[in-house]
Each structure stands twice: as structure tokens, then as C-alpha cells.
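# Structure at a glance
This is what each chain is made of:
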Amino acid sequence: MNTMHNMLNIDLNLLKLFTVLYQNGSVSETADALNISQSACSHALTRLRHKLDNDLFIRIDNKMIPTQFSEQLAAKILPAMELLQVGLQPREQFNPDTDTTYTIAATDYTAWCLKPLIEYMHQHHPRIAIRLITLEQRIPEEKLKTGQIDFACGFSHQAEQSQSIFGLTWLTDSYVTLTSKQHPLAFKTALSIEDFISYQHILIAPWNEGRGVVDKALIKRKVLRDIALTTPFGLSAPFMLIDTHWILTLPRKYAQYVSDKLALKIHQPPITIPDYKLKLYSHKTRQQDPKIIWFSGILQKIFNPTYCEEVN
């Protein structure tokens, strides 16, 4: 009989029976431990003996004594069963009082928006470190899957669906348009589309895009704008408006923060631009990871996002 072939096709419950019987040497005690009848235990032992072509245990003085083959088998089976038992135990809860680093891919703007969360961590969980990195991809799926990064912060302007990526929406905002206060349009109460395309623009392209959400809105109106500067750096883009006649469309949240400091004028865009959503992306294979669950819970506590959704 091919014992190796039989081992590969063996019922795991029979190996569990072998382990318990080897440890206590009693069929009745093994039956009690496995919560089965003594008859069922004896029948299972018979099947195992037949499967392995060995008596496995010899009854001597009402004690089941392992054969030499069983001794050799036990040396490998018992550690394996112990490892299996440990592996199937419930996962430990995440402990924020241990030194832990979260690696998050972010743009300069999304990192700026995360400041309340970073400050909360510093105040309440000083053992937690945040490492922000930049990536060329909007959603670095492979790095999220392998754990090279824990999360990616990104933009979305429409509903998304994916089999592999999960997204938590934690901030929703609209766009406004900025000019310097010396700009010819600064004194207008409302911009027309003709005003908007008469001057050169700055395009913020975090992932090196050739066009952005503003261009898509303009194309629907069958017009184009002239891009003077393309930059991946959203936080520094308003500084580029100083002493120029350029136009910049960017998130309202940051525009309101920087406009007074840089003497810039906020305008309502003359086109309909969909609101953007900031999302915290993670890989679905890590959704049960206590580290991921804990951080997502803190983010929801700080920003109180209203819903989660699957994404591209």
C-alpha cells in the first residue's frame, strides 16, 4: 500500500484523533475529548489503521501503546497540529500602545487634510507613527495588497467599483477658482465662461495627468482652456498666482485657508464641476487586519464619514 498517497488524502479529523489518543492512551478518554461515542472513536481508529497500513496502537494492560511507526508519525503530526491550532485562534486585537508605523500614500493636499487625525494620534496615541509617501499611481493596488503601504489617500469624482480595493469616504468638498487680487477678473462679481478661458490656467495633476476635472467639464461645453503650468503640488499652486494673470481651480477647503494669506480672490467657477471625495483606500484582503480596522475606526471618529464604498 502507498502510505504516502494515503497520508495526502487523509481526513484531518483522523489526525486529530491520532493526536489525542497518542497523548492520553485511552480510547474512552479520546472519545470524551472529541465529543463522540466510544464506538465512533473505535471505528475512526480502524479507518486510520487501514489508511496507514499500520496498527498504530497496541492494547497492553488496558492502555493503548503507540507502535514504532506511531512514534515516528507523532514526532511530525503533533507539532503540526499545534501550529494549526494556534493559526486558527482568533486574531489578537490591535494594541495602539505598542510602537507601530502606518505607511500612507498621499498627495500634499490629502496629507494636509489628514492633519487633524495626525494631531489626534500625536496627542492620544504617541506610540503610533505616520509615514507619508508619494506614489505615481492614484491607487497602488499591489503595494496595498502586499502591505508595503497600509493605505492610499486619493480623490474621486464619481462612484467606483472594484473586486480588490475598498474605499472609505472621509471628506467631501467642492471646487472654487482663485486669481490674484491684481488680476483683471478680480473685480468681477461673477465669471463668465469667456472670462474663464481668456486667461491661462494652472493645472494641479498629482499623478501627472494631462487634463483634470475642470477640462472634462469644459469639454462638455465644447471649449478648452490654455494650461500655462502643470504641477503635482497642490499646496504650492496658489503661490504661483502671485503677480500673474493666471487662474487656478482647486478645493474650496484649501482655497479658503490660503486666500487671505496670499491676497487672492475666490470666484465661483462658471462651469459645473462635480464635488470631489477624499478616500482612504485599502486592499480587501486586509479588511480583517486589526491594524487596518483600528486606524479606520479612528479616522471615522475624527472625520465622521457617512459611508463606505467599493472602488476601482
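This part takes up the confidence of the model for the protein. Across the protein, pLDDT averages 89, with 92% of residues at or above 70. Within the protein, no element has a lower average pLDDT than strand β13 (residues 307–311), which sits at 43, and none a higher one than strand β10 (residues 247–251), at 98. This stretch, residues 306–312, has a pLDDT under 50; its non-local contacts, to residues over four places away or in other chains, come to 31 contacts.

The tally for this structure, following the rule as stated, stands at 8 salt bridges. With a shortest N-O distance of 2.2 Å, K115 and E119 are connected by a salt bridge. Highlighted residues: K115 and E119, both in helix α7 (residues 115–124), separated by 4 residues, approximately one helical turn. For E119, a relative accessible area of 42% gives the class partly exposed. Each of the salt bridges in this network shares a partner with another, and the network as a whole consists of D150, R286, D289 and K291.

Right, let's talk about the nonpolar core for a bit. Of all hydrophobic cores here, the largest spans 53 residues; its most connected members are W170, I271, L278, L280, W294, F295 and L299. Here this core takes 6 residues from helix α12 (residues 290–303), the largest share from any one element. Leaving out residues up to four positions away in the same chain, F295 has contacts with Y102, I104, L117, M121, I130, F151 and L280. Membership of the second largest hydrophobic core comes to 23 residues, among which are C41, L48, L56 and I77.

Across a sheet, paired strands are connected by hydrogen bonds in the backbone, their directions being either parallel or antiparallel. A sheet is described by the order of its strands in space; here 5 strands give the open sequence β9-β8-β10-β7-β11, paired in mixed fashion. The open sheet has two edge strands with one neighbour each: β9 (227–231) and β11 (264–267). The mean angle between the axes of side-by-side strands here comes to 30 degrees, regardless of whether they run parallel or antiparallel. Where strand β7 (residues 175–180) and β10 come together, 4 bridges link them in antiparallel fashion. Directly across from L178, in β10, lies its bridge partner L248.

Definitions and cut-offs
Residues numbered from 1 in each chain as written. Predicted model: local features only at pLDDT ≥ 70, side-chain atom pairs only at ≥ 80, totals over all residues. Heavy atoms only, no water. pLDDT = per-residue confidence, 0-100. Helix = DSSP H or I, 4+ residues; strand = E, 2+ residues; numbered from the N terminus. Contact = heavy atoms within 4.5 Å. Salt bridge = Lys/Arg side-chain N within 4 Å of Asp/Glu carboxyl O. Buried < 20%, exposed > 50% of the residue type's maximum accessible area, 1.4 Å probe, protein only. Core = buried A, V, L, I, M, F, W, Y, C linked by side-chain atoms within 4.5 Å. Pairing = 2+ DSSP bridges. Axes fitted to C-alpha atoms, helices over the stretch in contact; angles between N-to-C directions.

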